[in-house]
Amino acid sequence: MPASLISRRAVAVPGGRPVTALATVVLCVTLLCAAPPATAAPEGAVPHGAPAETPADRAHRDFLDHGPKAGVMTVAHRGQWRKAPENSIAAIRAGFADGAEIVEVDVRLTRDKVPVLMHDERVDRTTNGTGRVADLTLAQLRGLRLRVGLGGRQAAVTGERVPTLAEAILAARTLGLVNLDRAWQDREAVWRVLQETGTVRNGLFKSRAPVPEVRAFLDGHRDALYMHVVDDANAVSVAEFGTARPPAFEVVFDDVRDKVAAPAFLQELRATGRVWFNTMREGYAARFTDEASLIDPARGWGALITHYRATVIQTDNVEALRSYLTTGVADPVPPGAVRVQGEDYAPGGRGRAYHDIDPGNRGDGPGRPGEDVDICDHDGAVVVCWMRGSEWLTYGVDVPKDGRYTLKARASSPYAPAGTYRLAYDGGPPGRAVPLANTTAHHAFVLQDSRDPRQLARGHHHIRLSLDAGAFQNWNLDYLQLEPVAP
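Just so you know, these numbers come straight off a predicted model, no measurement behind them.

1. Points about the pairing of strand β23 (residues 476–484)
A large share of β23 lies buried, amounting to eight of its nine residues. Bridging between strand β12 (residues 338–341) and β23 involves four bridges; their strand directions are antiparallel. Residue V340 lies in a different strand from β23, and its bridge partner there is L480.

2. A closer look at the pattern of salt bridges
Taken as a whole and assessed by the stated rule, the structure comprises 32 salt bridges. Note that R201 and D57 form a salt bridge whose closest N and O atoms lie 3.9 Å from each other. Of this pair, R201 sits in the loop between α6 (187–197) and β7 (203–207) while D57 sits in helix α2 (residues 55–64), and the two are 144 residues apart along the sequence. With a relative accessible area of 27%, D57 lands in the partly exposed category. Of the charged contacts, one joins R78 and E86 as a salt bridge, the two residues approaching to 3.0 Å between their closest N and O atoms.

3. Regarding unusual backbone geometry
Across the junction of A416 and P417, the peptide omega takes the value -5 degrees, indicating a cis bond. Here P417 is to be found in the loop between β17 (403–413) and β18 (419–425). A positive phi angle is found at R78, which is not glycine, with a value near 60 degrees. If you trace the backbone, R78 turns up in the loop between β3 (73–76) and α3 (89–97). Given a relative accessible area of 13%, R78 falls into the buried group. Phi at R182 is positive, roughly 60 degrees, even though this residue is not glycine. The exposure class of R182 is partly exposed, given its relative accessible area of 37%.

4. Focus: the environment of A166
Along the chain, A166 falls in helix α5 (residues 165–171). For A166 and T197, which are 31 residues apart along the polypeptide, the C-alpha to C-alpha distance reads 6.8 Å. The contacts of A166, once residues within four sequence positions are left out, are V193 and T197.

5. Quick look at the nonpolar core
In this structure, L180, F205, V251, F253 and F277 are the most contacted members of the largest nonpolar core, which totals 62 residues. Contacts of F253, omitting those with residues within four sequence positions, involve D258, V260, A261, F277, G283, Y284, A285, A286, F288, L304 and Y308. Core analysis: the second largest hydrophobic core is formed by 32 residues, Y354, V373, L407 and A409 among them.

What counts and what doesn't
Residues numbered from 1 in each chain as written. Predicted model: local features only at pLDDT ≥ 70, side-chain atom pairs only at ≥ 80, totals over all residues. Heavy atoms only, no water. Buried < 20%, exposed > 50% of the residue type's maximum accessible area, 1.4 Å probe, protein only. Helix = DSSP H or I, 4+ residues; strand = E, 2+ residues; numbered from the N terminus. Pairing = 2+ DSSP bridges. Salt bridge = Lys/Arg side-chain N within 4 Å of Asp/Glu carboxyl O. Contact = heavy atoms within 4.5 Å. Core = buried A, V, L, I, M, F, W, Y, C linked by side-chain atoms within 4.5 Å.

Here you go:
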């Protein structure tokens, strides 16, 4: 892949141009005095008194750059919700800290017409309260607390509050751009916030509104940053902009045969602006998803960059995308570790390789013909699903050298508790019960340590993962990873 496509961003321009002092001719009373020698500011120096360039300045400049060497920009979907509640101030800061140039947030108005961050129409999923945002005052929202990650009624409550848009955009003022999702219908209220906070350059409006409506807004808000959303239903809107196109188009397609996924169409967009794709779930960019990218970037991010002209990618896996753009590897296996996919359990069939209490494959994924292990496809992640008590799976692993190892499971579940499992090595007795944590969604996978280390010799081993019969079980297994324990 060309280096220009995988660079983190375009090369930064210094904060000010080199300044050369012009020789000045001084007319003296009796003679022409010599001018002082010309001097130049050091390369990359910021002129005295000029503000230093911030990451937000660079992100703004890069977003407007659609040249052939423009790097791929990263967008953190709802902030870095893997480290803080979605749409929280902490998630915004974490998204930028992990390398995103843009953070996406969702905007809604309270009953007293204050723009706040909230994805859903109701607060039930992401807070410890209930009700519609539009029916609650800001004061009432302030009394609520956000839940971890993507929320859910069984997710833990944190100390984070629902932020106003003003608080969120100020937090991002020097850090990067903010993609203002769901804000178009309340754009005038949002615009007032940007003006009052001095963050017009930070806010990115987006819509699929009719072009005349977009033009009217942009004509009256000259400094507004705007991106247009296109799919097959409104692909003609690109031509309607004429030569006054917005600096980016968000392209949505659920099938590679869609009009907006055609190379000629995307090349036309790329010639005048950035091409933005969302990879969080299937259907935003066909099946080119985050999870598919973690298995093989050529099945996701790599394909979008190489074949679909992507220069902006919105993701739920900020750190992995940053890793891919800078190193070419999305989800590296740690040195000395061994990884085995959940669906790659040992051969041998029922009673030897697995025990599953449900007949057939209950999932929608590529299970083995004639076998009963339930395999699901969660937006590109091929996982063992429909977990039930008393079931078990056996895996073969090749340990690279003698040492002490711990097994980690990349798993997901919106429940608390999600379930428990036990580990048995090479036919030995099962170990202690290992609890699975609530990850706040079935598609939100987290690598969780069993904290049950074992001394293993170099060579081939069998590991049996068995589910406790008496425990609640509702979780998904993506892969197991056997990692060396530091002495």
